[in-house]
Structures are given as structure tokens and as C-alpha cells.
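Letter by letter, the chains look like this.
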Amino acid sequence: MLAVSSCTSGSKGGDAKKGSTARAQSMPYELLVVANKDWLKTEAGQTLVEAVEAPIEGLPQLEKNFRVTYINPEAFNGTFKVYSNIVFAEVGKKYEGAEMRTARNEYCRPQLIVFLSAPDGQAFVELVQGRGQQVLDMFNEQEMVRERAALGKKFSRAVMQQAEKQFGVGMKVPANIDDIKVGKDFFWASDSKRENRTNVCVYTLPMRDLSVEDFVAARDSVMKINIPGGREDQWMETDGRTVTSRIVEREGRQVMEVRGLWDMRHDAMGGPFVCYVQADVSGQKLLVAEGFVFAPEEKKRAMIRQLEAALQTLDTHSDAP
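Parameters and conventions
- Residues numbered from 1 in each chain as written.
- Predicted model: local features only at pLDDT ≥ 70, side-chain atom pairs only at ≥ 80, totals over all residues.
- Heavy atoms only, no water.
- Core = buried A, V, L, I, M, F, W, Y, C linked by side-chain atoms within 4.5 Å.
- Buried < 20%, exposed > 50% of the residue type's maximum accessible area, 1.4 Å probe, protein only.
- Contact = heavy atoms within 4.5 Å.
- Helix = DSSP H or I, 4+ residues; strand = E, 2+ residues; numbered from the N terminus.
- Polar contact = N/O pair within 3.5 Å; in protein donor to acceptor, adjacent residues only side chain to side chain.
- Pairing = 2+ DSSP bridges.
- Axes fitted to C-alpha atoms, helices over the stretch in contact; angles between N-to-C directions.
- Salt bridge = Lys/Arg side-chain N within 4 Å of Asp/Glu carboxyl O.

Participant: Describe the nonpolar core, listing the residues and the values that go with them.
Facilitator: Looking at soluble globular proteins, one finds that nonpolar side chains tend to be buried together. Counting residues in hydrophobic clusters, the biggest one holds 62 residues, and the most contacted among them are Val33, Leu48, Val114, Leu116 and Phe124. When near neighbours in sequence (up to four residues on either side) are disregarded, valine 33 contacts Leu48, Val52, Val68, Thr69, Tyr70, Ile71 and Val87. The next biggest cluster of nonpolar side chains, apart from the first, holds 25 residues, and it includes Leu210, Ala218, Leu286 and Phe292.

What follows is the structure, given as C-alpha cells:
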């Protein structure tokens, strides 16, 4: 039996300390796993380790979703209680069935705690195999909330105003992204002051149903015109072998989320990109908001995640401030 519930009370569950104003002290994308370290060496324990240490999709190098710290339950004290992301895992006959429970802001804010429990190892393996991606998605969304909150306080006014002027939308991107190049139904904003660059593009496509292959072809045609290289035979293109997509819901809207790798044709430049595709304010075109990174030899998790959070601030009903 597998069950999922939202826990609202108890020593290890729920919002028992709603009044707490303590702030989370962990760094972004840190995850604490509280479980018996000897048990973690078992098949069930290794299933959990593999789940929480899964790599991020769509990056050129292998990078984990989270930097994971493992501690025994008896070590869970004040220092560890201020982690923003925590997993408790336990197997024992006292549990009637496999269960996942969640609690928020129990010891600090913002905080998400996930409890995974099962009566035996096989039931625990099935629980993690069935819910592991959901657990990662919840923790990633927890970090997106923090990223969006930070962008709400400090963002590029130039990009916000360009997005409003050209496409009638609001979008808060990192304040250092302020070098803007405008094309037809297109703009590209970049951090031109750093060697490792984060970039945002916004553009429109004709309204139609898009397969992944359709999107790659459309993206390539737009980038060939708007992001050329230093020579006539150089321009940005998509590595179609790496592209994945899924439909997600953002603020009540159906959005096509696409991620993969880009490169510069006939050049060594490249990196990851993520984009959201949805109907524009008129409902007559598709609006594409995209972030891409150029950071050779550098870890890219923090950069691409910040850009993804920026794309999630896109507001089709917002006036520029």
C-alpha cells in the first residue's frame, strides 16, 4: 500500500510551529537526509540515495539537483533544524504501509520536510520508485520560491520595461542582465560584464500545436537570424538530441517547458537552455521566454535555476513598475 498525505500535527510533522520566524540557514540547493547511515547502505537505502542525488536534466556536465548531507537521526539538532530542505527516512514494522508525508515551516522559514516510511525494505523501494521524482520536484519548487522572492526585490528594470513595451508582459530577471538587443518580435538580454554569461530571450512564434521537433526547428530559425556568430556561417542552434519537453501549469496557464543544450554552429561555444512556451496576451501567437547560459568549465546549476525562476515570474497581466 502506498499513501501520500499532508501531515498537520505531531512531533515530526505538520506546521506545529507556525509562529516561528527563524530563517532557514542552509545554502540554496542543499538537502538534508535524516536516516540511519548503516541502513543507507542497504538496497532500500541506496534507492533513496540514488533518488536524492539524481542529476539535473539538460546540463552538459553531470550536476546533482542538490548537495546532499546525511546524518543519523540522533544528530538532528538545532544546527540541522534550520535546513530549508529535509528528508526523514525510516523502515520498521511499526508502520502499517508505505507512506509519504510532508510538513512546512516547522523549525524555520521557508522549510519543506518530507517523511518517507515503510514497514520493510521492499515497500520502501516501491515508495521511492513511485514518488522519488515528486519529492525532487517539491524541493526544486521550494528553491524556485526562494529564487522568485529574491528576484522580486532586485531585478533588471530595463528588461522588465522592454518585455512590457514589446510583448505586453512583465518579467523579473537578474539585475545584472541589462544589455538588450532588439529584433523583430524578439529581444535578447545578456549580462555583458562577466565572462560567464546568463542570457534571456523573449520572442513569438505562429500559434500552432508544437512537437519537440517543431519547436527545435522554429527555435533554430529564430536564433539564426537574431544570434549570429562572428562569421557568416556561425549562429546559435539547438542540439536536438538533448531536448526534452513536458506540459506544466504555471499560474493557471498551460505551459510547454523545454530544456536542452545549444551550441554555436562552426564554433566551440555552447551550454544549457530552458524555455517556457505559452499563448501570448493576444491569444494569437505563441510567446517563448528562454534563458540560456554560457559558462565554460563552470558549474551551471545555480545559473540555469536562477534563469528558470526568472521565466516563472512572467506575468501576462502586469504593468511594468
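Still more to cover.
Participant: Which residues make up the side chain of asparagine 85, and what values do they have?
Facilitator: Here asparagine 85 lies in strand β4 (residues 85-91). Judged by its relative accessible area of 0%, asparagine 85 is buried. For asparagine 85, the side chain forms a polar contact with the side chain of glutamate 143, separated by 2.7 Å. In contact with asparagine 85, other than residues within four places in its own chain, are Glu30, Leu31, Leu32, Phe66, Leu112, Phe139, Gln142 and Glu143.

Participant: Give a description of the sheet that holds strand β11 (residues 253-264) that names residues and reports values.
Facilitator: The strand order β7-β8-β9-β13-β12-β11-β10 describes an open sheet built from 7 strands, whose pairing is antiparallel. If you trace the sheet from one side to the other, it starts and ends with β7 (179-183) and β10 (236-250), each paired once. Across the sheet, the axes of successive neighbouring strands diverge by a mean angle of 15 degrees, strand direction being ignored. The pairing of strand β8 (residues 186-190) with strand β9 (residues 197-206) spans 5 bridges and is antiparallel. Bridge pairing links tryptophan 188 to cysteine 201 in β9. Against the sheet, helix α6 (residues 301-311) contacts β9, β11, β12 (270-279) and β13 (285-294), and its axis sits at roughly 160 degrees relative to β13.

Participant: Can you break down the pairing of β7 residue by residue, with the values?
Facilitator: Relative to β8, β7 runs antiparallel, the two being bridged by 5 bridges. Counted as the bridge partner of lysine 181 is tryptophan 188 from β8. Where β7 folds back onto β8 in an antiparallel hairpin, the turn is made up of 2 residues, including aspartate 185, whose phi is positive at roughly 50 degrees.

Participant: Before we move on, can you summarise the pattern of salt bridges with the specific residues and values?
Facilitator: Counted according to the given criterion, the structure contains 18 salt bridges. A salt bridge links aspartate 185 to lysine 184; the shortest N-O distance between them is 3.2 Å. Overall, aspartate 185 belongs to the partly exposed group, its relative accessible area being 30%. For aspartate 185, the salt bridge goes to lysine 285, with nearest N and O atoms at 4.0 Å. Highlighted residues: aspartate 185 in the loop between β7 and β8 and lysine 285 in strand β13, separated in sequence by 100 residues. Taking the relative accessible area as the measure of exposure, lysine 285 reaches 33% and is therefore partly exposed.

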